[in-house]
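# Breakdown of the fold
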Amino acid sequence: MKEKNGKTIVLGVIGSDCHAVGLTILDHAFTNAGFNVVNIGVLSPQEDFINAAVETNADLICVSSLYGQGEIDCKGMREACDEAGLKDIPLYVGGNIVVGKQKWEEVEPRFKDMGFNRVYPPGTSPEITIADMKKDLGIN
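In this report, we go over the structure that sits alongside the text. (Residues numbered from 1 in each chain as written. Predicted model: local features only at pLDDT ≥ 70, side-chain atom pairs only at ≥ 80, totals over all residues. Heavy atoms only, no water.)

### As for the environment of Val-54
Mapped onto the elements, Val-54 comes out in helix H2 (residues 46-56). In sequence terms Val-54 and Leu-11 are 43 residues apart; their C-alpha atoms lie 13 Å from each other. Dropping the residues within four chain positions of it, Val-54 is found in contact with Ala-84 and Leu-86. (Helix = DSSP H or I, 4+ residues; strand = E, 2+ residues; numbered from the N terminus. Contact = heavy atoms within 4.5 Å.)

This is the structure we're talking about:
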């Protein structure tokens, strides 16, 4: 295991989604990359992500969604973070975040307009997300 970098990430699966395998893979990958991972598990409402981030003084929130309802589940999350005092916290989202086959060029901007800093399509390797986390959090 690599040395800890002192950064805390809140990780979970949002909404009524119970896909735990991918969450476990991300937890292990992020932990092995040196992050302190606060895994809130599956079936998590926005409030659970926000409460965990406030309680742990987290540096980043990473939302996973695989059942296609991520767009509905994530609406208003940036505003809720702002209200909770997490105005500048980076928000990441990834997975199968929309219903049906939609063009990624149309999906990504919708999530960015909702206030997400990084939006990942299905099948994105954890290494890509880790590199973005290190860049966004100023880790060499």
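From this point, the discussion proceeds with the structure in view.
### What to know about the sheet that holds strand E4 (residues 91-95)
Read across the open sheet, the 5 strands follow the order E2-E1-E3-E4-E5; overall the sheet is parallel. Whereas interior strands pair on both sides, the edge strands pair on one side only; in this sheet they are strand E2 (36-44) and strand E5 (118-120). Averaged over all pairs of adjacent strands, the angle between strand axes in this sheet comes to 15 degrees, irrespective of strand direction. Relative to E2, strand E1 (residues 8-14) runs parallel, the two sharing 6 bridges. Within E2, the residue paired with Ile-9 across the bridge is Val-37. Helix-sheet contacts for helix H1 (residues 21-32) involve E1, E2 and strand E3 (60-65), and the interaxial angle to E2 is about 170 degrees. Relative to the sheet, helix H6 (residues 126-136) contacts E1, E3, E4 and E5, its axis offset from that of E5 by approximately 175 degrees. (Pairing = 2+ DSSP bridges. Axes fitted to C-alpha atoms, helices over the stretch in contact; angles between N-to-C directions.)

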